[in-house]
Amino acid sequence: MTTNSIENNLYCRLGIDNPERAQHTVLETENGKRWSYGDLSAMAKSLAQTLLNLGVQQGDRVSVQVDKSPEALALYLACLRIAAVYHPLNTAYSLVEMEYFLRNAAPRLLICSPEQEEPLTKLAQECGVEGVLTLDIMGKGSLMNNLPSERANDPVAVGLSTSAALLYSSGTTGHPKGIVLTHENLASNAEVLVDLWGFSADDVLLHCLPIYHVHGLFVACHCVLLSGASMLWNRAFEANSAMAQLERSSVMMGVPTYYTRLLALPGFNADSSRSIRLFISGSAPLLSNTFAEFEQRTGHRILERYGMTETGMSTSNPLNGERKAGTVGFPLPGIEVRIEDDSGAVLPTGAVGNLLVKGPNVFKEYWGMPEKTAADFTENGFFKTGDLASIDTEGYVAIVGRSKDLIITGGLNVYPKEIEVLIDRYEGVSESAVIGLPDDDFGERVVALVVPDGTVDSQALEQRLWSSLRESLAGFKRPKQYILLESLPRNAMGKVQKALLRERFAD
Ligand code: AMP
């Protein structure tokens, strides 16, 4: 048990109220509005007082389904300040999904967009939520009416294991689980990343990610806030606009799709990215093709890192040193990573197995699911990520797939990633996804969904794949069927939704 202190509060560790930074720009919006650290701090304090006036207490959940705005960032900071638990929600969630989240998280307060106020107020009442307030994309709404002029009390003293945020896992499979992250989880990870990626007050981050997810909210915003840097604050990613802003930026963070979309712009080249010192990618695997083409076009080797909601960031390619395509780099300082087989034995270098992580970054618990929490940790405190990985002789970690992505055909295991990497190398292929579909004989059969890039005739491409993979893959691993598609379905974070594909092609 740690004693509670104000210094443990993530709000204080990020240095939001630091008077030395008060005049420095924290962000600039698309319409040119500049926010200083002083502005952000004042807004966070006013909102903290608003929440207190509404009866929000330490540990209460505050559910937030709003568009990205500087005020929404201040609302997150206000929750940290009073040690309420911030619960961000994807704006795309339907009312049916919202009902699940509101019943499960049981928040004291829901903040939503004005357009959703009517249906969500009704739903919130049914779910026992006390209050609903609104905040729109321009930072206006009932939350902002009558902001108190008096300043809030000091930030609340917290312990290292005090809950700070509740995020539900992407939901690519199964029922979403609430992941509880503590002040220490988030602060320790931010401190490691700022150091590792060399963030300073001189940096300007091109911020186009959503802020309801680990990547945009914690990785991106925490690195900026902790180092006193600035952001170009975009509501969403749009390739032409991002390219134009690169000359005013020093760092860009994105999901792989952002990088492929930049590459699709004929004008995107070394000149467009001459001000950038670091491109970072994560949330989904960066294809080796994209890595190579990006380097060829810009001279930059994208830094790929790996993490998940439950752990924040766990590994990263180095800032200085070799960034290896197809790998997610080394375990972060203070974080242990190991590869085990299903019986819990640690595997030798190069072997593919279950990836486990231990460290101050690893979440506290699944919300209201003590048995699930216990089942996902080993006896010696490692978290089972559900990802399959290997570590090479130099210590680089490669993510090979997810255990639920594993295909078992005729009793033999097939790792989809292994086949996708091969298919993606062929001329005429833009990308691919390999899935297991039900098979009367083998249990599952391997099926490849391939997106052609239009440079090769489709029939010829299919034939070539049939014949070439025969040379490179064992029979049981080879796809039994190829389906050509225009695109792969992806979720908001750019991840291919294999569950959707399995459903769609099950028959
Ligand atoms: P989420 O909790 O939505 O962030 O999803 C986390 C999952 O995304 C991880 O468990 C991985 O399966 C995947 N992931 C994140 N980053 C990478 C990466 N760089 N390469 C491969 N998979 C990744």
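Residues numbered from 1 in each chain as written. Predicted model: local features only at pLDDT ≥ 70, side-chain atom pairs only at ≥ 80, totals over all residues. Heavy atoms only, no water.

### Comments concerning the overall build of the protein chain
Then comes step 1: Counting secondary structure elements, the protein chain contains 14 helices and 25 strands.
Then comes step 2: Reported as C-alpha extents along the three principal axes, the dimensions of the protein chain are approximately 75 × 55 × 45 Å.
Then comes step 3: Here the protein chain, with 507 residues, has 55% of them falling under the buried criterion.
Then comes step 4: When the accessible surface of the protein chain is totalled, it reaches about 21,000 Å², and 49% of it is carbon and sulfur.
Then comes step 5: Between the centroid of the 44 positive side chains of the protein chain and the centroid of its 60 negative side chains there is a distance of 1 Å. (Helix = DSSP H or I, 4+ residues; strand = E, 2+ residues; numbered from the N terminus. Buried < 20%, exposed > 50% of the residue type's maximum accessible area, 1.4 Å probe, protein only. Areas by Shrake-Rupley, 256 points an atom, 1.4 Å probe, with all protein chains shown as cover. Lys, Arg positive; Asp, Glu negative; His and termini not counted. Charge placed at Lys NZ, Arg CZ, Asp CG, Glu CD.)

### With respect to the nonpolar core
Then comes step 1: Ranked by size, the top nonpolar core spans 110 residues in total, and within it Tyr 76, Leu 77, Ile 111, Trp 197 and Met 253 carry the most contacts.
Then comes step 2: Counting residues per element, this core draws most heavily on helix 7 (residues 214-227), at 10 residues.
Then comes step 3: Composition of this core by domain shows at least three residues from each of domain 1 (6-149 + 159-196) and domain 2 (237-402).
Then comes step 4: Dropping the residues within four chain positions of it, Tyr 76 is found in contact with Leu 10, Tyr 86, Leu 186, Leu 217, Phe 218 and His 222.
Then comes step 5: Listed in part, the 17 residues of the second largest apolar core include Val 85, Leu 110, Leu 120 and Val 180. (Core = buried A, V, L, I, M, F, W, Y, C linked by side-chain atoms within 4.5 Å. Domains from an automatic or database assignment. Contact = heavy atoms within 4.5 Å.)

### So, the pattern of salt bridges
Then comes step 1: Under the criterion given, the structure shown has 21 salt bridges.
Then comes step 2: Note that Glu 322 and Arg 301 form a salt bridge whose closest N and O atoms lie 3.2 Å from each other. Residue Glu 322 is located in the loop between strand 14 (312-316) and strand 15 (330-331), and its partner Arg 301 is located in the loop between helix 10 (288-298) and strand 13 (303-308); the two are separated by 21 residues in the primary sequence.
Then comes step 3: According to the relative accessible area criterion, Glu 322 is partly exposed, its value standing at 44%.
Then comes step 4: We classify Arg 301 as partly exposed; its relative accessible area is 26%.
Then comes step 5: Connected through shared salt-bridge partners, Arg 13, Glu 184 and Glu 191 make up one network. (Salt bridge = Lys/Arg side-chain N within 4 Å of Asp/Glu carboxyl O.)

### A short note on the domain arrangement of the protein chain
Interface extent is often summarised as the accessible area lost during association of the parts.
Then comes step 1: Under the domain assignment used here, the protein chain contains domain 1 (6-149 + 159-196), domain 2 (237-402) and domain 3 (407-504).
Then comes step 2: The gap between the C-alpha centroids of domain 1 and domain 3 is 40 Å.

### With respect to the packing of helix 6 (residues 183-196) against helix 7
Then comes step 1: At a minimum axis separation of 9 Å, helix 6 and helix 7 run at an interaxial angle of 70°. Classified by the angle between their axes, helix 6 and helix 7 sit roughly perpendicular to one another. Listed contacts from helix 7 to Leu 186, Ala 190, Glu 191, Leu 193 and Val 194 of helix 6 are Phe 218, Val 219, His 222, Cys 223, Leu 226 and Ser 227.
Then comes step 2: When the residues that make up the contact of helix 6 with helix 7 are grouped by side-chain class, the tally is 8 nonpolar, 2 polar and 1 charged. (Axes fitted to C-alpha atoms, helices over the stretch in contact; angles between N-to-C directions. Parallel < 35°, antiparallel > 145°, perpendicular 65-115°, else oblique. Nonpolar A, V, L, I, M, F, W, Y, C, P; charged D, E, K, R; others polar.)

### Re the sheet that holds strand 16 (residues 336-340)
In any sheet, the strands associate via hydrogen bonds between backbone groups, in a parallel or an antiparallel arrangement.
Then comes step 1: Taking strand neighbours across the sheet as the criterion, the 4 strands line up as 16-17-19-20 in an open arrangement whose pairing is antiparallel. Looking along the sheet, the strands with just one partner apiece sit at the ends: strand 16 and strand 20 (397-402). Going across the sheet, the axis of each strand differs from the next one's by a mean of 45°, ignoring polarity.
Then comes step 2: Two strands pair when backbone bridges link them, and strand 19 (residues 383-391) and strand 20 are joined in this way by 5 bridges, in the antiparallel orientation. Note on strand 20: the bridge partner recorded for Asp 387 is Arg 402. (Pairing = 2+ DSSP bridges.)

### Some details on the environment of Ala 460
Then comes step 1: Of note, Ala 460 is situated in helix 13 (residues 458-472).
Then comes step 2: The partly exposed category is assigned to Ala 460, whose relative accessible area is 32%.
Then comes step 3: Linking Ala 460 and Gly 428, residues 32 residues apart in sequence, is a C-alpha distance of 9.6 Å.

### Examining the packing of helix 2 (residues 37-53) against helix 3 (residues 70-81)
Then comes step 1: Where helix 2 contacts helix 3, the axes come no closer than 8 Å and their chain directions differ by 60°. Looking at the two axes, helix 2 sits oblique to helix 3. Between helix 2 and helix 3 lies a crossing whose hand is right-handed. Between helix 2, through Leu 40, Met 43, Ala 44, Lys 45, Leu 47, Ala 48 and Leu 51, and helix 3, the contact on the second element is made entirely by Pro 70, Glu 71, Leu 73, Ala 74, Leu 75, Leu 77, Ala 78, Cys 79 and Arg 81.
Then comes step 2: A class-by-class count of the residues in the contact of helix 2 with helix 3 yields 13 nonpolar, no polar and 3 charged. (Left-handed = near helix turned anticlockwise from the far one by under 90°.)

### Topic: the packing of aromatic side chains
Then comes step 1: Following the criterion strictly, the structure yields 17 aromatic pairs and no others.
Then comes step 2: Joined through ring pairs, the aromatic side chains of Tyr 93, Tyr 100, Phe 101 and Tyr 168 make up one cluster.
Then comes step 3: Over the ring of Tyr 37 we find Arg 21, and its NZ or CZ is 4.9 Å from the ring centre.
Then comes step 4: A cation over a ring is seen here: Arg 277 above Phe 199, with NZ or CZ 5.5 Å from the ring centre. (Phe/Tyr/Trp six-rings, centres within 6.5 Å; stacked < 30°, edge-to-face > 60°. Lys NZ or Arg CZ within 6 Å of the ring centre and 35° of its normal.)

### Remarks on the pairing of strand 11 (residues 251-254)
Then comes step 1: Of the two faces of strand 11, the one lined by Val 251 and Met 253 and the one lined by Met 252 and Gly 254 are each fully buried.
Then comes step 2: Summarising the sheet, strand 11 and strand 12 (residues 278-281) pair through 4 bridges and their orientation is parallel. The partner of Met 252 across the bridge, within strand 12, is Phe 279.
Then comes step 3: Tracing the backbone out of strand 11, into helix 9 (residues 256-263) and back to the parallel element strand 12 gives a crossover that is right-handed. (Right-handed = clockwise from strand over helix to strand, strands pointing away.)

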